[in-house]
Amino acid sequence: MDIREEFLKFFETKHHERIASAPLVPDDATLLFNNAGMVPFKSIFTGEVPRPENPRATSCQTCIRAGGKHNDLENVGHTARHHTFFEMLGNFSFGDYFKEDAIAYAWEFITEVLELPVEKLWVTVHDSDDEAEAIWMKYVTKERIMRLGDKDNFWAMGDTGPCGPCSEIFYDQGAEHFSGPEDYMGGDGDRFLEIWNLVFMQYEVKVAGGERIPLAKPSIDTGMGLERVVAIKEGALSNYGSSLFMPLIRKVEELISKEYEYATGASYRVIADHIRTAVFLLSQGVNFSNEGRGYVLRRILRRAVRHGYLLGFREPFMYKVVDTLVGIMKGQYEYIAQKAEVVKEQIELEEARFFKTIESGIALFEKELEETKNTFSGEVAFKLYDTFGFPLDLTEDMLREKGLGLDTAKFEELMHEQQQRSKANWKGSGDDAVHGDFKALIEEFGENVFVGYDFTQHSGEVKALLNEEFHKVDTLKAGESGWVYLDITPFYAESGGQCGDSGELEGFAKVSDTKKFFGLNLSSVEVTKDLSVGHVVDAHVDISRNEITKHHSATHLLHAVLYDVLGDHISQAGSLVEADRLRFDFSHPKAVEHNELAEIEQRVNALIARGIERKTEVLPIDEAKKSGAKSQFGEKYGDEVRVVSFEKASVEFCGGVHVDNTATIGSFIITKESGVSAGVRRIEAVCGKAAYDHFCEQRMLLKRVEMEVKNLDVLAGINRLKSNIEELKLEVKEAQQATKVEIKANEIGGVAVVIEELPSGDIKEKIDELKNQNDKLAAMLFQVKGDKVLIAAGVKNCDAKAGDWIKNIAPILGGGGGGRPDFAQAGGKDVTKLPEAKEASLAYIQGILG
């Protein structure tokens, strides 16, 4: 049985609209990932946007819980049902049906479609929800209904907003399999497994801690974990024993040649879970990095690699499991098959990077473990993170296995210091959530008309104004800033990597940017003359639009050329299009060679020189896909899509603005190629006016270089300077040789002892020289450098230890240092104490050798 499809088909028969799974990266700036089936509908439930024409929806939503409030990471592999990646089946009512139908639909699906035995089913309701209990008693006896409090059976979106009681459906897996102290209905054991949660959104809390106000049109949000239901239908007592996971575990078995046993197989389960998360995130365009979502992805993969290390893997292996996963899930998620080769390259590179340091990191961990009684050093944990790439939760995992705690305060202190130094920020999505009166605009006016493909100036009526907090106002006065909604607008709203338009509302305001909010095209304005709702204004797009179109079209040509030059594994991973530059990120396993960059640049310029006319078509999405047009994962496409093509050289889905003919672009110059993350490269380039400006800058730079090297042939001038430098180096070396001091050694206990000040030269090199000259040696050399003193100690074949010796002497000079028994270095700040230090040095070594 295809449970996904059966669920969606069932609710379609109940007049629900089937909604495709939204990307794992949500539109909601308060979340790292979509972590529940209702997240894509959040703005409908909160009332920020009107409810859709069909107030019923059903979906199978991919979700990740691996960070923030909803974080199942540490439980994965150790329990039967926790995952970082999972699929949530759901049905939703936006102010339409309520408890009666929600319960009826759930019961019908479970008992008639899934055919789960009624005697195995139990339900819970909120202890105040008499209505839900009464409805359930139509289907089950009262003895099978349990009332629970807010902790278990009340759901709230946050401190404010929609909330309500919920009812959960449980499946009894049998006392013959589970008989622990928590294996009772309402306990934390695995015998009674929650399979479906029905949330009855019937209240709203307007102020944190305030009263629950009944909603005029209550809603329904339900969630059923696909992995749990599949396991139940297949008779597996653990999700990991089902057909969604066992092929992955068997593949790991095959790769490591060790048999999987459930009791000792946590590492197999971690790998099986984490490969799902990694493949889906990478396929959707999230890349490995040290911040935000990319860092969560890196943590998850490295956690899996460490478990692979425990199994015996010593080289990349995770990427070899990808094809097995694709085989399981490509029917529902075709894009993971399309991206499989690129994803395997990215995973292999990231694995290889971690395998280079994992052994050294584990050795450091084990060494510190020997010194640890209860609490592991925060400094060592930070070194594992900073030097060896061990995410903190990986170190915590390793400590948890040993029953030890961690000095997290010290780790966080060191992390904070590093973040301050680098001004890094790896917490959250980095965006601000935006709330405002958008719903009122959508209900009153709907989406405005964009005419910017054909016009760069157009009249439009000011239908609505918002202040800087996005609340409706009737007037924005001169000197104020806010947002304007025009019924007809030529301003392009930021989307698909292209920046939003700027310009002016003639005589009234400067337009600094244009963005989309819930489909509304709004322009940010700085008002110069009072602007009111009802005004008809002439909107002019800034001339910089011409340069934006050049860079956007050049980005399309670059994408096509990369595909031809580097290979069909190329996949867009992000882009930025502005008036003075473009940036294009793409999947590629290594740096682009200089000769490849030259060819790419040449080919793009050749397409520009051909003067290819742009063609734009609006096609049904299936027809557009069949045409071979490239699309970007995560972009929202409707039933019809806009396809922009330059003959067969470039064909892409695109809603942006472009040149009419490639000749308009002028020229294309690559300014930089760099790495973004493992398996992702970035090309930056300029076109049009920006390309001419770049040429002028390079020409001026060349003139300055000519002046500096005093030669119109700059290469000849540079070679002359290099020759001069070599001559000067030789002179310096000769001068140092000439000033070398003849150092005499005194003998103490059969050991040559040298304690001297060296005016110039390399004191470490001098120590090595003395070691070569003497069978037994104890030497300490001092050298004054400005207001500081350098100290080096060397010991050979005697009882003294250089590190201990120097630790005793350096403090006299106001410094410190240390090193190995045979060689140590230090520095001091007080030159005046040098005679005292030399005397103390002699006394110390006499005490050791005498």
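Residues numbered from 1 in each chain as written. Predicted model: local features only at pLDDT ≥ 70, side-chain atom pairs only at ≥ 80, totals over all residues. Heavy atoms only, no water.

1. Regarding the sheet that holds strand E36 (residues 816-819)
Read across the open sheet, the six strands follow the order E32-E33-E34-E35-E37-E36; overall the sheet is mixed. Here the strands that pair on one side only, and so sit at the sheet edges, are strand E32 (746-748) and E36. Pairwise comparison of adjacent strand axes, ignoring direction, gives a mean angle of 20 degrees for this sheet. In this structure, strand E34 (residues 777-785) lies alongside strand E35 (residues 788-796), joined through nine bridges in antiparallel fashion. If you follow Ala779 over to E35, its bridge partner there is Gly794. (Pairing = 2+ DSSP bridges. Helix = DSSP H or I, 4+ residues; strand = E, 2+ residues; numbered from the N terminus. Axes fitted to C-alpha atoms, helices over the stretch in contact; angles between N-to-C directions.)

2. Here we look at the packing of helix H9 (residues 292-311) against helix H14 (residues 392-402)
Where H9 meets H14, the closest approach of the two axes is 9 Å, and the angle between their N-to-C directions is 35 degrees. Across the interface between the two elements, Tyr295, Arg299, Arg302, Arg303, Arg306 and His307 of H9 pack against Leu392, Asp393, Leu394, Asp397, Met398 and Glu401 of H14. Across the contact of H9 with H14, the residue classes break down as four nonpolar, one polar and seven charged. (Contact = heavy atoms within 4.5 Å. Nonpolar A, V, L, I, M, F, W, Y, C, P; charged D, E, K, R; others polar.)

3. Describing the sheet that holds strand E29 (residues 650-653)
Strand order across the open sheet formed by three strands is E27-E28-E29, with antiparallel pairing between neighbours. Looking along the sheet, the strands with just one partner apiece sit at the ends: strand E27 (614-620) and E29. Pairs of neighbouring strands in the sheet enclose a mean axial angle of 20 degrees, with direction left out of account. Across the sheet, helix H17 (residues 544-566) touches strand E28 (640-646) and E29, and the angle it forms with E29 is around 115 degrees.

4. With respect to the pairing of strand E37 (residues 823-828)
When E35 meets E37, the two strands line up antiparallel, connected through six bridges. Bridge pairing in E37 places Ala793 opposite Ala824. Strand direction decides the pairing type here: E36 and E37, joined by four bridges, are antiparallel. Within E37, the position partnered with Gly819 by the bridge is Ala824. With antiparallel pairing between neighbouring strands as the criterion, E36 and E37 make up a hairpin whose turn holds three residues.

5. Side note on empty space enclosed by the protein
For the structure shown, the criterion picks out one cavity of 30 Å³ or more. Roughly 60 Å³ of volume is contained in the largest cavity. If you go around the largest cavity, the residues you meet are Ala80, Arg81, Gln173, Asp190, Leu193, Ala231, Ala236, Leu237, Ser238 and Asn239. Of the residues that constitute the lining of the largest cavity, the class distribution is five nonpolar, three polar and two charged. (1 Å grid on protein atoms, 1.4 Å probe; cavity = no way out; pocket = protein on both sides within 12 Å on 5 of 7 lines; lining within 4 Å. Points joined across faces, edges and corners; volume = space filled by probe spheres on them.)

6. Focus on the confidence of the model for the protein
The predicted model of the protein has a mean per-residue pLDDT of 90, with 96% of residues at 70 or higher. Scored below 50 in pLDDT, residues 422-431 makes 15 contacts in the model with residues more than four places away or belonging to other chains. (pLDDT = per-residue confidence, 0-100.)

7. Remarks on the pairing of strand E9 (residues 161-172)
Most of E9 sits out of view: twelve of its twelve residues are buried. As judged from the three bridges shared by strand E8 (residues 154-156) and E9, these two strands associate in the antiparallel manner. Residue Phe154 lies in a different strand from E9, and its bridge partner there is Pro165. Counted between consecutive antiparallel strands, the loop separating E8 from E9 contains four residues. (Buried < 20%, exposed > 50% of the residue type's maximum accessible area, 1.4 Å probe, protein only.)

8. Thoughts on the packing of aromatic side chains
Counted according to the given criterion, the structure contains 42 aromatic pairs. With centroids separated by 5.2 Å and ring planes inclined at 80 degrees, the aromatic side chains of Tyr97 and Tyr105 adopt a geometry described as edge-to-face. When sorted by exposure, Tyr97 lands in the same class as Tyr105, which is buried. Among the aromatic residues, ring-to-ring pairing joins Phe7, Phe10, Phe11, Tyr97, Tyr105, Phe109 and Trp196 into one connected group. Sitting over the ring of Phe508, Lys529 keeps its end group 5.3 Å from the ring centre. (Phe/Tyr/Trp six-rings, centres within 6.5 Å; stacked < 30°, edge-to-face > 60°. Lys NZ or Arg CZ within 6 Å of the ring centre and 35° of its normal.)

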